[in-house]
Number of protein chains: 2
Amino acid sequence: MDMGNRKRLILQAIIEDYINTAEPVGSRTISKKYLTGTSSATIRNEMSDLEDMGYIEQPHTSAGRIPSDKGYRLYVDTIMKQNTINEAQREMIKKEFIDSMGEIDRMIKHASKLLSQMTQYTSIVIAPQFRRTGIKQIQLIRIDKAVILAVIITDAGILKNSVLRLKQDVNPDALIRITNMLNDKFAGLGMEDIESFDLQDLLNNSMGHGEIIEQVLPELIQTLLYSDTSEVYRDGVSNILNLPEYSNINKARDFLNIMEERELLFKVLNDVHDDVNVSIGKENKLEQFKECSLITATYKINDKTIGSVGIIGPTRMEYSKAISIVECMTNNLSEILTNILKR
Amino acid sequence: MDMGNRKRLILQAIIEDYINTAEPVGSRTISKKYLTGTSSATIRNEMSDLEDMGYIEQPHTSAGRIPSDKGYRLYVDTIMKQNTINEAQREMIKKEFIDSMGEIDRMIKHASKLLSQMTQYTSIVIAPQFRRTGIKQIQLIRIDKAVILAVIITDAGILKNSVLRLKQDVNPDALIRITNMLNDKFAGLGMEDIESFDLQDLLNNSMGHGEIIEQVLPELIQTLLYSDTSEVYRDGVSNILNLPEYSNINKARDFLNIMEERELLFKVLNDVHDDVNVSIGKENKLEQFKECSLITATYKINDKTIGSVGIIGPTRMEYSKAISIVECMTNNLSEILTNILKR
DNA sequence: GTTAGCACTCTACCGAAACGAGTGCTAATT
DNA sequence: AATTAGCACTCGTTTCGGTAGAGTGCTAAC
């Protein structure tokens, strides 16, 4: 059976009406609101075909049709019109960012809030990923007897610090030499390189500071590699309770439960690599998201992906709007973060 | 009318039964389950008195009674038995902390998770408050042309850093002199002192570095005073959906909405100063908490309050258990944080 | 002061009936 | 051959009356 243009229009009508109303759409509704030139009987026939083709479903006899995941997929890929957010909204995102600039952290939280406010779904954002950047500089600062502070500055201008407690005191000169040594070794390296770093090699060339380096380095590497896992921000979690899909308390609870699993959310967002990705319903790997759609996008510093943002909503999602917003958001984030670096 | 011992027992019975069942408690239930020697008729009379005295309420004629806020208050203050958590649970809290030690941040998140898991309510924790500590040391580090990193180390060993971008480059020697100058002025001061700090005075004695100090200082003070607002962690928000109080979607949504207002939560937790505080129902200043109870406790470093934790639940809360858990938690937090310092 | 008994009240629950939205099929129309 | 009108049928939702049950307040007896 082929997909005539009228079928396409009917599918579009069903999806868009269902997105608005969350009610199964009947043939008469379509005939009256969308395809006024066509009778409901004709549309019924077409709908029957669409059902056979798997694009729509019937919750029960004598109800209208609702889109299937496959239907949404076709819609997203070939039917819907793109970029529906208007210039004013784009400006809003841009402007809001300029206002919130300063601390990267605050900016990220703000991005999350904006996303959820504009879409009325739940947003998730992961903070810039240290691991994905390179090391620019390492500074060791003596703050007390046998206590030093390690500050790490990355390509992306992100800082990490950790307090290292040593067994013995270090004199300032030695500390400077050690700092230089570490910088020689580490500056310019990517985090991937650190993982396979040869500790022994460094120790052999430690010019008498072996003992100290032996104490400092493991902690330092630890900080470098693992400190920034799972910095996840959510916003608008309560938005989903406005949706009829979640008027069922149990579903709502399930959803909220996942939203409290930071590590899980982190993972989900972290292994997306496309610029913009749309996962519809059962396309999601996670069992708990089988009735949701997830729109994700990555943001970059100097064209290197270092984080991502996402929107979670019901499969009945305003895809077009959500996609444009997420896209616009990551573009702005990338631009601003990259600029912060250049300054 | 005076409060005889039997009235007290009946009130206790009503409250404890209601805490367990969330159903209005009738006279027959009490006569059968709690005061087996007394007939339901007698208890009815007593209950009528208790209602007149304002300790219990009737949702409608021909329903049992439920405790009023005043009733809970009396219960918490004079009736309930204290410290109901057992040694095993105490050990659990202690042990969990030892496991999660290391980064303060992680520890705080973990505390929040533990609180909500053990109580099955929603927990809120605010991270150690920088503002409430004194400055130990300030370090300025040149990381690039006209870019310096300010690291602040406080009494409590907490660090803050901010990147400062200057209009002109600074040579290392000047930076050291400036650093020393700042340390002379700031080290040992409490955050309260900073607020009233006389900028002009420092500028007058700036030994030729006035221009740089003028650029550095405002940002630095900004960081000191405002950077750590609203580091709030929540956990177990979805727990409340298990409670019959929130089977009504609207109430649940209201609750979730508040829980997304970090600043609000921060404020609520931040202006509690007692060691342990219980606010019941309408005793809460916040409109949205009029049907909740809030148990808060503060934790300290070296006997100086620097943060607090709290539990939010329905007025029908297991006060005794919740209070002990919160108390135990803050004691452990205080101890461990204080020890971290000493090391 | 306490208790048994009883009339009364109010809610929650249940089932039947009416309703209405929507379908699928058939026959007529274009 | 495609479209449409008409109609019987299905199934979920709403409404409504009736009933059961829990609990009270009051009275009279103990």
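Keep in mind that what you see is a predicted model, and the values were worked out from it rather than measured.

1. Notes on the protein's contact with DNA strand C
So, point 1. Close to DNA strand C lie 20 residues; S27 of chain A together with R6, T42, T61 and S62 of chain B are nearest.
So, point 2. The sugar-phosphate backbone supplies 70% of the atoms of DNA strand C found within 4 Å of the protein.
So, point 3. At a separation of 3.4 Å, a sugar or linking oxygen of DNA strand C approaches a polar backbone atom of A63 of chain A.
So, point 4. Within the contact set of DNA strand C, a phosphate oxygen lies 3.0 Å away from a side-chain nitrogen or oxygen of R65 of chain A.
So, point 5. The residue makeup of the surface near DNA strand C, split by class, is three nonpolar, 13 polar and four charged.

2. Some remarks on the relation of the copies chain A and chain B
So, point 1. The operation relating chain A to chain B is a screw motion whose rotation component is 180 degrees, with 0.1 Å of axial translation and a residual RMSD of 0.3 Å. Here the two chains are linked by the operation of a two-fold rotation axis. Distance from the rotation axis, computed per C-alpha, reaches its smallest value in chain A at I249 of chain A: 3.6 Å.
So, point 2. A high fraction, 97%, of the interface residues of chain A reappear at the interface in chain B, so the copies pair face to face through one surface.

3. Concerning the protein's contact with DNA strand D
So, point 1. Around DNA strand D sit 20 residues, and of these R6, T42, T61 and S62 of chain A together with S27 of chain B come closest.
So, point 2. Contact distances for DNA strand D include 2.4 Å between a phosphate oxygen and a side-chain N or O atom of T42 of chain A.
So, point 3. The side chain of R44 of chain A places a nitrogen or oxygen atom 3.2 Å from a base oxygen of DNA strand D.
So, point 4. Mapped onto the surface near DNA strand D, the elements with two or more residues apiece are α3 (40–53) of chain A together with α3 (40–52) of chain B.

4. Digging into α3 of chain B
Three or four residues apart is the spacing at which side chains of an α-helix point the same way, because the helix has 3.6 residues per turn.
Residues and elements named next belong to chain B.
So, point 1. The terminal C-alpha atoms of α3 lie 18 Å apart, and with 13 residues this matches the ideal 18 Å at 1.5 Å per residue to within 8%.
So, point 2. Listing the buried residues of α3 in full gives I43, E46, M47 and L50. Seen from one end, α3 has its buried residues packed into an arc of 105 degrees, which puts them on one side. Within α3, the exposed residues directed more than 90 degrees away from the buried face are N45 and D52.

5. A short note on the pattern of salt bridges
Close approach of charged atoms allows side chains with opposite charge to pair.
Residue and element names in this part refer to chain B.
So, point 1. According to the stated counting rule, one finds 26 salt bridges over all chains in the structure shown.
So, point 2. A salt bridge links D49 to K7, with the nearest nitrogen and oxygen atoms 3.3 Å apart. Of the two residues, D49 is situated in helix α3 and K7 in helix α1 (residues 5–21); the sequence distance between them amounts to 42 residues.
So, point 3. Judged by its relative accessible area of 8%, K7 falls in the buried class.

6. A word on the sheet that holds strand β10 (residues 304–314) of chain B
Residues and elements named next belong to chain B.
So, point 1. Strand order in the open sheet formed by five strands is β7-β3-β10-β9-β8, with antiparallel pairing between adjacent strands. For this open sheet the edge positions go to β7 (232–235) and β8 (276–280), each flanked by a neighbour on one side alone. Pairs of neighbouring strands in the sheet enclose a mean axial angle of 15 degrees, with direction left out of account.
So, point 2. Pairing of strand β3 (residues 122–126) with β7 involves four bridges; the strand directions are antiparallel. Bridging across to β7, I126 finds its partner in V232.

7. Observations regarding the interface of chain A and chain B
So, point 1. Listed per partner, the contact involves 37 residues of chain A and 36 residues of chain B.
So, point 2. When chain A packs against chain B, the two sides together hide about 3,100 Å² of surface, and 51% of this comes from carbon and sulfur.
So, point 3. Area buried by chain A at its contact with chain B is led by L241, I249 and E260 of chain A, which between them contribute 18% of it.
So, point 4. The tally of links between chain A and chain B comes to two salt bridges.
So, point 5. Between K109 of chain B and E231 of chain A there is a salt bridge, with the nearest N and O atoms lying 3.6 Å from each other.
So, point 6. Seen at the junction of chain A and chain B, the total is 12 residue pairs in polar contact (both at pLDDT 80 or more).
So, point 7. Classifying every residue of the side of chain A that touches chain B gives 15 nonpolar, eight polar and 14 charged.

8. Thoughts on helix α7 (residues 172–186) of chain A
Residues and elements named next belong to chain A.
So, point 1. The end-to-end C-alpha separation of α7 is 21 Å, in line with the 21 Å expected for 15 residues at 1.5 Å each.
So, point 2. Those residues of α7 lying buried are A174, L175, I178, T179, M181, L182, N183 and F186.
So, point 3. Where α7 begins, the side chain of N171 points an oxygen toward the backbone nitrogen of D173, at a separation of 3.0 Å.
So, point 4. Once α7 ends, the next one or two residues include G188, with phi positive near 90 degrees.

Analysis parameters
- Residues numbered from 1 in each chain as written.
- Chains lettered and ligands numbered in written order.
- Predicted model: local features only at pLDDT ≥ 70, side-chain atom pairs only at ≥ 80, totals over all residues.
- Heavy atoms only, no water.
- Near = heavy atom within 4 Å.
- Polar contact = N/O pair within 3.5 Å; in protein donor to acceptor, adjacent residues only side chain to side chain.
- Nonpolar A, V, L, I, M, F, W, Y, C, P; charged D, E, K, R; others polar.
- Least-squares fit on C-alpha atoms with pLDDT ≥ 70 in both.
- Contact = heavy atoms within 4.5 Å.
- Helix = DSSP H or I, 4+ residues; strand = E, 2+ residues; numbered from the N terminus.
- Expected span 1.5 Å × (residues − 1).
- Buried < 20%, exposed > 50% of the residue type's maximum accessible area, 1.4 Å probe, protein only.
- Arc of directions from axis to C-beta.
- Salt bridge = Lys/Arg side-chain N within 4 Å of Asp/Glu carboxyl O.
- Pairing = 2+ DSSP bridges.
- Axes fitted to C-alpha atoms, helices over the stretch in contact; angles between N-to-C directions.
- Buried area = accessible area lost by both parts, 1.4 Å probe.

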